[in-house]
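# Structural description and commentary
Below, each chain spelled out in residue letters.
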Amino acid sequence: MSAGVPGSSAGPTVVLIGPPGAGKTTVGELVATALGVPFTDTDRMVEDEQQTTISDLFVERGEAEFRRLEADAVARALAAPGVVAVGGGAPMTDSTAQLLAAAPVAFLAVAIADAAGRIGFTGARPLLAVNPRATWTKLMDQRRPTYERLATWVVDTAGRTPEDISAEVVGLVNHG
C-alpha cells in the first residue's frame, strides 16, 4: 500500500490509529504541521458537532449511537487530504475498518505504562471508567489484531517523545 501524497486531494496523507494514550492527537498535530497539511481528530469532530463530550454521549445516548456518529465522522475525514487521528475503538467498526484498509495507516503502539502516564486513566475516557488498567489491557488484547491488520506501518511509541514519534511518521509517509 502506498502513502498518500502530502496535500493531495485523493484522501488522507496518513491515518493514526491506536489505543487511548498512544498519542494520536499530539503526534497527529505535529505530523500535519511538518507536512503542511490539515489535521483532523475525529473524536473532536464528534464533540464539536454534537456540542458535548464523548463521555456525555456514552452516558446520554449510549455507545452504539456514539459509534454511529464516530463512523460517520471518520468516513468524512478520510475523504479529505491531511492527517487524521481516529478514536481507539473506531477501527473496530466494520465500515470504518474497510475505509482504513484502503488508507495509509500508522498504528501507534503503546505499552500500558506509557498510556497510563499520558492519559492518567481518569473517568474522562468512558470505556476506562471502571478498573482502567484492566480495561485498557483487555481492550488492547481485543483491538491489537485489528490495529496490526490495518496498519501500513507500526510505530513503537515506548519511552519516546511526541516529536521523535512524529518525525518517524513523517519519514514513513515521505519515504514509505
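Everything discussed here concerns the structure shown above.
Residues numbered from 1 in each chain as written. Predicted model: local features only at pLDDT ≥ 70, side-chain atom pairs only at ≥ 80, totals over all residues. Heavy atoms only, no water.

## Describing the packing of aromatic side chains
We count it as follows: Centre distance within 6.5 Å is the pairing criterion for rings of Phe, Tyr and Trp, where only the six-membered ring of Trp is used; planes under 30 degrees apart are then read as stacked, over 60 as edge-to-face, and the remainder as tilted. Partly exposed describes any residue whose relative accessible area lies between the buried limit of under 20% and the exposed limit of over 50%, with all areas from a 1.4 Å probe on protein chains only and scaled to the type maximum. Going along the chain from the N terminus, every DSSP run of H or I of four or more residues is numbered as a helix, and every run of E of two or more is numbered as a strand.
Applying the stated criterion to the full structure yields two aromatic pairs. Look at Phe-58 and Phe-66: their rings are 5.1 Å apart centre to centre, the planes differ by 40°, and that puts the pair in the tilted class. One exposure class covers both Phe-58 and Phe-66, and it is buried. When the centroid spacing of 5.1 Å and the interplanar angle of 40° are considered together, the rings of Phe-107 and Tyr-147 count as tilted. Note that Phe-107 is positioned in strand β4 (residues 105-109) and Tyr-147 in helix α7 (residues 132-150), a separation of 40 residues in sequence. There is no split in this pair, since Phe-107 and Tyr-147 are both buried.

## Side note on the pairing of β4
Selection rule: Should DSSP find at least two bridges between two strands, the strands are regarded as paired.
Across the five residues that make up β4, a large majority, five, are buried. Across the two faces of β4 the burial is the same, with Val-105, Phe-107 and Ala-109 and Ala-106 and Leu-108 all buried. Both strand β1 (residues 12-17) and β4 contribute to a ladder of three bridges, which runs parallel. Residue Ile-17 lies in a different strand from β4, and its bridge partner there is Phe-107.

## With respect to unusual backbone geometry
Unlike most non-glycine residues, Gln-51 shows phi in positive territory, near 55°. Take Gln-51: it is sitting in the loop between α2 (42-50) and α3 (54-61). Assessed through its relative accessible area of 74%, Gln-51 is described here as exposed.

## Brief notes about the packing of helix α1 (residues 24-35) against helix α8 (residues 162-175)
Defined as follows: Where helices are involved, their axes are fitted lines through C-alpha atoms of the stretch in contact, as for all axes, and angles between N-to-C directions lie from 0 to 180°. Note on terminology: angles under 35 degrees are roughly parallel, angles over 145 are roughly antiparallel, angles of 65 to 115 are roughly perpendicular, and the others are oblique. Two helices crossing with the near one rotated counterclockwise from the far one by less than a right angle form a left-handed crossing, whereas a clockwise rotation gives a right-handed crossing. Contacts are residue-level and defined by heavy atoms, with any inter-residue pair within 4.5 Å sufficient. For this scheme, ten residues count as nonpolar: Ala, Val, Leu, Ile, Met, Phe, Trp, Tyr, Cys and Pro. Four count as charged, namely Asp, Glu, Lys and Arg, and the remainder, Gly too, count as polar.
Taken N-terminus to C-terminus, the directions of α1 and α8 make an angle of 50°; their axes are 9 Å apart at the nearest point. As the angle between them shows, α1 and α8 are arranged oblique. Note on packing geometry: the crossing formed by α1 with α8 is right-handed. Of the residues in α8, those touching α1 at Thr-26, Val-27, Leu-30, Val-31, Ala-34 and Leu-35 are Pro-162, Glu-163, Ile-165, Ser-166, Val-169, Val-170, Val-173 and Asn-174. Residues belonging to the contact of α1 with α8 are distributed by class as follows: ten nonpolar, three polar and one charged.

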